[in-house]
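Architecture and fold: a report
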Amino acid sequence: QFEPPQPKNSIYMAPSKNSVGVLLLQTDRKKKTIKPNPAFRSLNIVYTPSVDVTDGDGDAGASDSLKVVDPNGTGVSFQPYGSFEKEELL
């Protein structure tokens, strides 16, 4: 076994058994509120689609960005690499 045993009262979340996931640990202080870092305004994830994604005119990933907001109000966006590359070249 390559990892230590999972701690008690923890949850491991992963898309599949063969991928990296996140281990969620329960804190000892349940009543303490979480203060989000004010410097962290958004999380922008650039990815390479597993399938060649194009929009109607053949441009890769131009309209496939997904933007959501987490419960703390932090914006999270997923953007295909092709679309990101176009923005960076401007």
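What comes next is a walk through the structure. The structure displayed is predicted, hence computed values, not measured ones.

1. Considerations on the overall build of the chain
Counting its secondary structure elements, the chain contains one helix and five strands. Each helix (α) and strand (β) of the chain, taken in turn from the N terminus, gives the series β-β-β-β-β-α. A buried classification covers 9% of the 90 residues belonging to the chain. Pairs at least 24 apart in sequence give 33% of the contacts found in the chain among residues at least 6 apart. For the chain, the accessible surface area stands at approximately 8,300 Å², while carbon and sulfur atoms represent 56% of it.

2. Here we look at a nonpolar patch on the surface
Taken together, the side chains of Ile11, Met13, Val22 and Leu24 present a nonpolar region at the surface, about 370 Å² in accessible area. One can find Leu24 in strand E2 (residues 22-24).

3. A few points about the packing of aromatic side chains
Scanning all chains against the criterion turns up one aromatic pair. Their ring planes at 45° and their centres at 6.4 Å tell us that Tyr81 and Phe84 sit as a pair that is tilted. Taken as a pair, Tyr81 and Phe84 lie in helix H1 (residues 81-89) at a separation of three residues, close to a single helical turn. Given a relative accessible area of 28%, Phe84 falls into the partly exposed group.

4. Comments concerning the pairing of strand E4 (residues 66-69)
With four bridges joining them, E4 and strand E5 (residues 75-80) adopt antiparallel strand pairing. Its bridge partner lying in E5, Val69 is registered against Gly75. From the end of E4 to the start of E5, which pair antiparallel, there are five residues, and Gly73 there has a positive phi angle of about 90°.

5. Description of unusual backbone geometry
A positive phi is found at Asn9, a non-glycine position, where the angle reads about 60°. Within the secondary structure, Asn9 is located in the segment before strand E1 (11-13).

6. A few points about the sheet that holds strand E3 (residues 42-47)
Note on sheets: strands pair through backbone hydrogen bonds, and any given pair is parallel or antiparallel. Overall, mixed pairing links the three strands, which are arranged E3-E5-E4 in an open sheet. Strands with a single pairing partner mark the edges of an open sheet, and in this sheet they are E3 and E4. Between one strand axis and the next, the sheet turns through 15° on average, direction left out of account. Pairing between E3 and E5: six bridges, direction parallel. The residue bridging Leu43 from the neighbouring strand is Val76, located in E5.

Parameters at a glance
- Counting restarts for each chain: residues are numbered from 1 in the order of the written sequence.
- Under the rules for a predicted model, residues below a pLDDT of 70 receive no local features and side-chain atom pairs below 80 are neither given nor counted, while totals for whole chains, interfaces and linings still include all residues.
- The side-chain numbers reported here are obtained from all heavy atoms of the structure, hydrogens and water having been left aside.
- In this text, helices come from DSSP runs of H or I with a minimum length of four residues, and strands from runs of E with a minimum of two, each type numbered from the N-terminal end.
- Relative accessible area decides the class of each residue, using a 1.4 Å probe on protein chains only: under 20% of the type maximum gives buried, over 50% gives exposed, and in between gives partly exposed.
- Any two residues whose heavy atoms approach within 4.5 Å are treated as being in contact.
- Values of accessible area rely on a 1.4 Å probe in the Shrake-Rupley scheme; residue burial ignores everything except the protein chains shown.
- Patches here are clusters of residues that have more than 30% relative accessible area and form no salt bridge, with a 9 Å joining cutoff for like charges and a 5 Å cutoff for nonpolar side chains (Val, Leu, Ile, Met, Phe, Trp, Tyr).
- In what follows, salt bridge is the name for a side-chain nitrogen of Lys or Arg lying within 4 Å of a carboxyl oxygen of Asp or Glu.
- Each pair of aromatic rings taken from Phe, Tyr and Trp, with Trp reduced to its six-membered ring, is defined by centres within 6.5 Å and is described as stacked if the planes are under 30 degrees apart, edge-to-face if over 60, and tilted in the remaining cases.
- A pair of strands is considered paired only if DSSP assigns at least 2 bridges between the two.
- Between the N-to-C directions of two axes lies an angle of 0 to 180 degrees, each axis being a line fitted to C-alpha atoms and, for a helix, fitted only over the stretch in contact.

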